[in-house]
Protein chains: 2
Amino acid sequence: MPDRSMVLIIPAAGSGSRLGSDIPKPFIEIGGKTILEHTLSVFAGIPELAEVIVPTSGDYLGKTRSVLDRLFPGLPAHAIEGGSERYKSVQIALNSVQSDAAFVAVHDAVRPFVRPKEIVQCLDAATEFGGAILAIRAKDTIKVSGSDGTVSSTPNRTTLWQAQTPQIFQLKILRRAYRLAEKERFAGTDDASLVERSGEIVKLVEGDARNFKITYPLDLKMAEWLIGNNK
Amino acid sequence: MPDRSMVLIIPAAGSGSRLGSDIPKPFIEIGGKTILEHTLSVFAGIPELAEVIVPTSGDYLGKTRSVLDRLFPGLPAHAIEGGSERYKSVQIALNSVQSDAAFVAVHDAVRPFVRPKEIVQCLDAATEFGGAILAIRAKDTIKVSGSDGTVSSTPNRTTLWQAQTPQIFQLKILRRAYRLAEKERFAGTDDASLVERSGEIVKLVEGDARNFKITYPLDLKMAEWLIGNNK
């Protein structure tokens, strides 16, 4: 049986700007709990979990620590001071790992509707391929824009996927990918793009549209509705 | 002053399969009105509108006609029998145009949350560039998959847009694009892709995430919520 133990990193230092809120998105409350807590709760039942790291801003360290203590009583689970950008927070977290877990899962704090089954399927694929991410087939036609704001091309939609999280990798693979990205000053919009760039394989695991990222005010309304109806 | 008169084509022959419904999506009712009627209502206030054509399936022709008569009393507005695919329905509609409008707007029946202001901005751009579409910046990282289900590349997200509708073109440009696509047996996932392929310019007009396409059950819930709260 391969070692499937896994560190979970949930960067939670994001701002609330696109939601028009002063509170950072992960700390907006729905049904009496922060979005971050809803998200963490899903992972609390995953047996492979060996450690949890939540990089966040200084103001929210205390609050995050008390949630981690409650949800993961038997595990090393730390809130740490994050960076100014998402990738910096992940990098700091990668340098703070204490366990000798084989895998690392990075998950968006504001994707509370991921299901345990999806997390396990993603870990299964990461075990087989070294790296795997949840994703759904692109719903809209995607356009590539030129510098003049006109369409420069329309890639064939049947080959396109919208990346979600978790994104799960062998810990050593993600660490190497981050070192390489830092050296080459490459900043991707997800963790997989760094891994791809380092030459490693990333498997796509078909997820569900429910596992959306709370980005716009409309997403927050949807989340409130789903949580109000017991998901 | 250029001629900005415009034919509106709303293909409404889609199935309800992805929503798990027997009723075709455009004819699902929200708040006592079909989604199609909600969508058509937005266009009813656009002064440039010269004609409306709704290709639909035989079973829904009567119902569609009565809605069109009510919403567009002073205009030629027809329900016609559509095709088995979206692009066939649009093609049939293009061959049924009776007015001598300069422009044609194609809009998804299941995007009821477009705003009049957005339609006008799109027509403004089409007047300037010949063709224009509403679109929003890609929210998720987009992955291109290889044939083995692993990621083959991650295009730079800052250049990617999610196409919406309406998509507005000079009528002669869209007709030519459809003729060319038929000759070359090319089927795109939106109308703009045919126009791009014919060598014409398509301008991207930044829209809003609210103008989403009702595709998944979750989208329908969102639509019910928005309409229940007077949008």
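Anything mentioned here points back to the structure above.
Note that residues are indexed from 1 along each chain, following the sequence as it is written. In the order they appear in the text, chains get letters beginning with A and ligands get numbers beginning with 1. With the structure being a predicted model, the display of local features is reserved for residues of pLDDT at least 70 and the display and counting of side-chain atom pairs for 80 or more, all residues being used for whole-chain, interface and lining totals. Side-chain numbers come from the whole structure's heavy atoms, not from hydrogens or water.

## Side note on the interface of chain A and chain B
To keep things clear, this is the line we draw: The contact criterion used is simple: two residues touch if any of their non-hydrogen atoms lie within 4.5 Å. Buried area is understood as the total, over both parts, of accessible area removed when two parts are fitted together, assessed with a 1.4 Å probe. Basic side-chain nitrogens of Lys or Arg form a salt bridge, by our definition, when they fall within 4 Å of a carboxyl oxygen of Asp or Glu. Under the rule applied, a polar contact is a pair of N or O atoms within 3.5 Å (in protein, one hydrogen donor and one hydrogen acceptor; residues adjacent in sequence only if both atoms are side-chain atoms). By definition, any uninterrupted DSSP run of H or I lasting at least four residues is a helix, any uninterrupted run of E lasting at least two residues is a strand, and each is numbered from the N terminus. For this scheme, ten residues count as nonpolar: Ala, Val, Leu, Ile, Met, Phe, Trp, Tyr, Cys and Pro. Four count as charged, namely Asp, Glu, Lys and Arg, and the remainder, Gly too, count as polar. In this description, strands pair whenever DSSP reports at least two bridges between them.
Every contact between the two is made by 43 residues of chain A and, on the other side, 43 residues of chain B. Summing both sides of the interface, chain A and chain B together bury roughly 3,900 Å²; the carbon and sulfur share of this comes to 60%. On the chain A side of the contact with chain B, Lys139, Lys143 and Leu218 of chain A bury the most area, a combined 18% of that side's loss. Applying the counting rule to chain A against chain B returns eight salt bridges. For the salt bridge of Asp140 of chain B with Arg111 of chain A, the shortest nitrogen-to-oxygen distance reads 3.2 Å. At the boundary of chain A and chain B, one finds 30 residue pairs in polar contact (both at pLDDT 80 or more). Elements supplying a minimum of two residues to the side of chain A that touches chain B: β7 (131-137), β8 (142-145), β9 (151-153), β10 (160-170), α6 (191-197), β11 (203-206) and α7 (217-228) of chain A. Per-element accounting of the side of chain A that touches chain B gives the leading share, six residues, to α7 of chain A. Looking at side-chain class alone, the side of chain A that touches chain B contains 18 nonpolar, eleven polar and 14 charged residues. Sheet topology note: the β10 of chain A/strand β8 (residues 142-145) of chain B ladder contains three bridges and is antiparallel.

## Here's the deal with the relation of the copies chain A and chain B
For the record, the criterion: Superposing copies: least-squares fit, C-alpha atoms only, residues required to have pLDDT of at least 70 in both.
Each copy of the sequence occupies a distinct position, and chain A is placed on chain B by a rotation of 180 degrees and an axial shift of 0.0 Å, giving an RMSD of 0.0 Å. Both chain copies can therefore be described as sitting about a two-fold axis. Taking C-alpha positions as reference, the residue of chain A nearest the rotation axis is Met222 of chain A, located at 3.1 Å. When the interface residues of chain A are mapped onto chain B, 100% of them again fall at the interface, so both copies present the same face.

## A short note on unusual backbone geometry
Across the junction of Thr165 of chain A and Pro166 of chain A, the peptide omega takes the value 10 degrees, indicating a cis bond. Inspection of the secondary structure puts Pro166 of chain A in strand β10. A positive phi angle is found at Arg185 of chain B, which is not glycine, with a value near 50 degrees. On the secondary structure map, Arg185 of chain B appears in the loop between α5 (171-183) and α6 (191-197).

## Side note on the environment of Asp148 of chain B
Residue and element names in this part refer to chain B. Mapped onto the fold, Asp148 is located in the loop between β8 and β9 (151-153). Measuring from C-alpha to C-alpha, the distance between Asp148 and Thr56 comes to 38 Å, with 92 residues separating the pair along the chain. One polar contact links Asp148 to Thr150, side chain to side chain, over a distance of 2.9 Å.

## Description of empty space enclosed by the protein
Picture a little ball the size of a water molecule; that probe, rolled over the atoms, points out where space is still empty. In plain terms, the rule: Buriedness of a pocket was judged along seven lines, with at least five required to meet protein on both sides within 12 Å; pockets are open sets of points on a 1 Å grid over the protein atoms alone, cavities are sets where a 1.4 Å probe fits but cannot get out, and lining residues have an atom within 4 Å of a point. Grid points are joined across faces, edges and corners, and a volume is the space filled by probe spheres set on the points.
Counting across every chain of the model gives two cavities of 30 Å³ or more. Of the voids in this model, the largest cavity is the one considered here, and its volume is about 650 Å³. As for the largest cavity, its lining consists of 31 residues, and the residues nearest its centre are Lys139 and Asp219 of chain A together with Lys139, Phe212 and Asp219 of chain B. If you list the elements that add at least two residues to the lining of the largest cavity, you get β10 and α7 of chain A together with β10 (160-170) and α7 (217-228) of chain B. Split into classes, the residues belonging to the lining of the largest cavity amount to 15 nonpolar, six polar and ten charged. Its boundaries defined by the atoms lining it, the second largest cavity holds a volume of some 100 Å³. Around the second largest cavity, the lining is made up of 14 residues, and of these Asp108, Arg111, Thr189 and Lys213 of chain A together with Thr141 of chain B lie nearest the centre. Among the elements that take part in the lining of the second largest cavity, β10 of chain A stands out by supplying four residues, more than any other. Each residue belonging to the lining of the second largest cavity can be placed in one class, and the counts come to one nonpolar, five polar and eight charged.

## Things to note about the nonpolar core
Note the threshold: In plain words, nonpolar cores are sets of buried Ala, Val, Leu, Ile, Met, Phe, Trp, Tyr and Cys residues tied together by side-chain atoms within 4.5 Å. The rule is simple: take the accessible area with a 1.4 Å probe, protein chains only, and divide by the maximum for that residue type; under 20% is buried, over 50% is exposed, in between is partly exposed.
Of all hydrophobic cores here, the largest spans 34 residues; its most connected members are Met6, Leu40 and Val52 of chain B. With five residues, the single largest contributor to this core is helix α4 (residues 116-129) of chain B. Contacts of Leu40 of chain B, omitting those with residues within four sequence positions, involve Leu8, Ile10, Val52, Val54, Val67, Leu68, Leu71 and Phe72 of chain B. Counting residues in each nonpolar core, the second largest holds 33 residues, with Phe27, Val42, Tyr60 and Cys122 of chain A among its members.

## Some remarks on the pairing of strand β5 (residues 77-81) of chain B
Residues and elements named next belong to chain B. The condition that has to hold: When the strands point away from the viewer and the connection leading from the first strand across the helix to the second strand turns clockwise, the crossover is called right-handed.
Counting buried residues in β5 gives four out of five residues, a clear majority hidden from the surface. Where strand β4 (residues 49-56) and β5 come together, five bridges link them in parallel fashion. Looking at the pairing, Pro55 lines up with Ile80 of β5. In this fold, β4 hands off to helix α2 (residues 61-71), which returns the chain to β5; that crossover is right-handed.

## Overview of the packing of helix α1 (residues 35-43) of chain B against α2 of chain B
Residue and element names in this part refer to chain B. Applied cut-off: Between the N-to-C directions of two axes lies an angle of 0 to 180 degrees, each axis being a line fitted to C-alpha atoms and, for a helix, fitted only over the stretch in contact. For this classification, under 35 degrees means roughly parallel, over 145 means roughly antiparallel, 65 to 115 means roughly perpendicular, and everything else is oblique. For any helix crossing, the convention is left-handed if the near helix is rotated counterclockwise from the far helix by under a right angle, and right-handed if that rotation is clockwise.
Between α1 and α2, the shortest axis-to-axis distance is 11 Å and the interhelical angle comes to 25 degrees. The angle between the axes of α1 and α2 places the two elements in the roughly parallel class. At the point where α1 passes α2, the crossing takes the right-handed sense. Note on element contacts: α2 touches α1 through Thr64, Val67, Leu68, Arg70 and Leu71, opposite Leu36, Glu37, Leu40 and Ser41. Class assignment of the residues belonging to the contact of α1 with α2 gives a composition of five nonpolar, two polar and two charged.

## What to know about the pattern of salt bridges
Tallied over the full model, the rule gives 30 salt bridges over all chains. The shortest N-O distance in the salt bridge between Arg86 of chain A and Asp108 of chain A comes to 2.9 Å. Within this pair, whereas Arg86 of chain A is found in helix α3 (residues 86-94), its partner Asp108 of chain A is found in the loop between β6 (103-106) and α4 (116-129), the two being separated by 22 residues in sequence. One salt bridge in this structure joins Arg4 of chain B and Asp124 of chain B, with 2.8 Å as the shortest N-O distance. Placement of the pair is Arg4 of chain B in the segment before β1 (6-9) and Asp124 of chain B in helix α4, with a sequence separation of 120 residues. A relative accessible area of 13% means that Arg4 of chain B is categorised as buried. Among the residues examined, Asp124 of chain B registers a relative accessible area of 36% and is labelled partly exposed. Connected through shared salt-bridge partners, Arg86, Asp108, Arg111 and Asp191 of chain A together with Asp140 of chain B make up one network.

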